[in-house]
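Residue-level listing of the chains:
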Amino acid sequence: MRLANCLFFATGCEAALAFYAGCGLGVVAELRRHGEDGRPLANEAMRGKVLHARFEGPGVVFFASDNDDAEPMRGSAHLLMVRERERTERLFAALAEGGRVTTPLGVQPWSGCYGKVTDRFGVQWMVTGRGRAGGGWAEGRDLWRHGRACPVHPRERDISPYPA
């Protein structure tokens, strides 16, 4: 079994996919359009818009499409777990361009480097990565190692997504 998210846009799917590719998340691996190749069209206004797209990159896969009945995105976020601090910072800054930062990058009990942003297309992203020891950054996994419980989830120990 594999879980993959689907993003639904009213008409901005193609622009969003180009933006995510520009952020370095991956590439559009497949794209089909409404009304293309004899596919039925429920609404003429959707002609040429994205019917189905598969977006892939290292460790990333999601699907996306334009839907005339798409609802605003809320109640869900994509979590990107990045190993390198510099890449975490670059990715967060790229996704935030034209969007709204809701949690600036910083140390959290579960991560040495975490931030949350709603991008210019209304998609929420959480970016977490390893921090820098000292200088105000810490490894998230080291915040509760050596028998200390996680302050957010007291029953959990060392819940970092990174191997030891």
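Residues numbered from 1 in each chain as written. Predicted model: local features only at pLDDT ≥ 70, side-chain atom pairs only at ≥ 80, totals over all residues. Heavy atoms only, no water.

Student: Please give an account of the pairing of strand S5 (residues 78-82) that cites residues and values.
Tutor: What you see with S5 is a clean split: His78, Leu80 and Val82 sit on the buried side and Leu79 and Met81 on the side with no burial. In this structure, S5 lies alongside strand S8 (residues 124-129), joined through 5 bridges in parallel fashion. Across the sheet, residue Val82 finds its bridge partner in S8, namely Gly129. (Buried < 20%, exposed > 50% of the residue type's maximum accessible area, 1.4 Å probe, protein only. Helix = DSSP H or I, 4+ residues; strand = E, 2+ residues; numbered from the N terminus. Pairing = 2+ DSSP bridges.)

Student: Could you give me a rundown of the nonpolar core, with the residues and numbers involved?
Tutor: Grouped together as the largest cluster of nonpolar side chains are 26 residues, with contacts concentrated most on Phe9, Tyr20, Leu25, Phe62, Leu80, Leu95 and Trp125. Where this core is concerned, the elements lending two or more residues are strand S1 (5-9), helix H1 (13-22), strand S3 (50-57), strand S4 (60-66), S5, helix H2 (85-96) and S8. Beyond its immediate stretch of four places on either side in the chain, Leu25 contacts Tyr20, Phe55, Glu56, Gly57, Pro58, Val60, Leu80, Leu91, Leu95 and Trp125. (Core = buried A, V, L, I, M, F, W, Y, C linked by side-chain atoms within 4.5 Å. Contact = heavy atoms within 4.5 Å.)

Student: Which residues make up the sheet that holds S4, and what are the values?
Tutor: Taken in spatial order, the 4 strands line up as S1-S4-S3-S2 in an open sheet, and their pairing is mixed. A strand with exactly one partner marks an edge of an open sheet, and here the two such strands are S1 and strand S2 (27-33). With strand direction ignored, the average angle separating the axes of adjacent strands in the sheet is 20°. When S2 meets S3, the two strands line up antiparallel, connected through 6 bridges. Across the sheet, residue Val28 finds its bridge partner in S3, namely Phe55. (Axes fitted to C-alpha atoms, helices over the stretch in contact; angles between N-to-C directions.)

Student: Any details on the pattern of salt bridges? Residues and values, ideally.
Tutor: Applying the stated criterion across every chain yields a total of 10 salt bridges. Here Arg47 ties to Glu44 by a salt bridge, and the two come within 2.6 Å at their closest N and O atoms. Judged by its relative accessible area of 52%, Glu44 is exposed. Of the charged contacts in the structure, one is a salt bridge between Arg120 and Glu97, with a shortest N-O distance of 3.6 Å. In this pair, Arg120 is assigned in the loop between strand S7 (111-118) and S8 and Glu97 in the loop between H2 and strand S6 (100-108), connecting sequence segments 23 residues apart. (Salt bridge = Lys/Arg side-chain N within 4 Å of Asp/Glu carboxyl O.)

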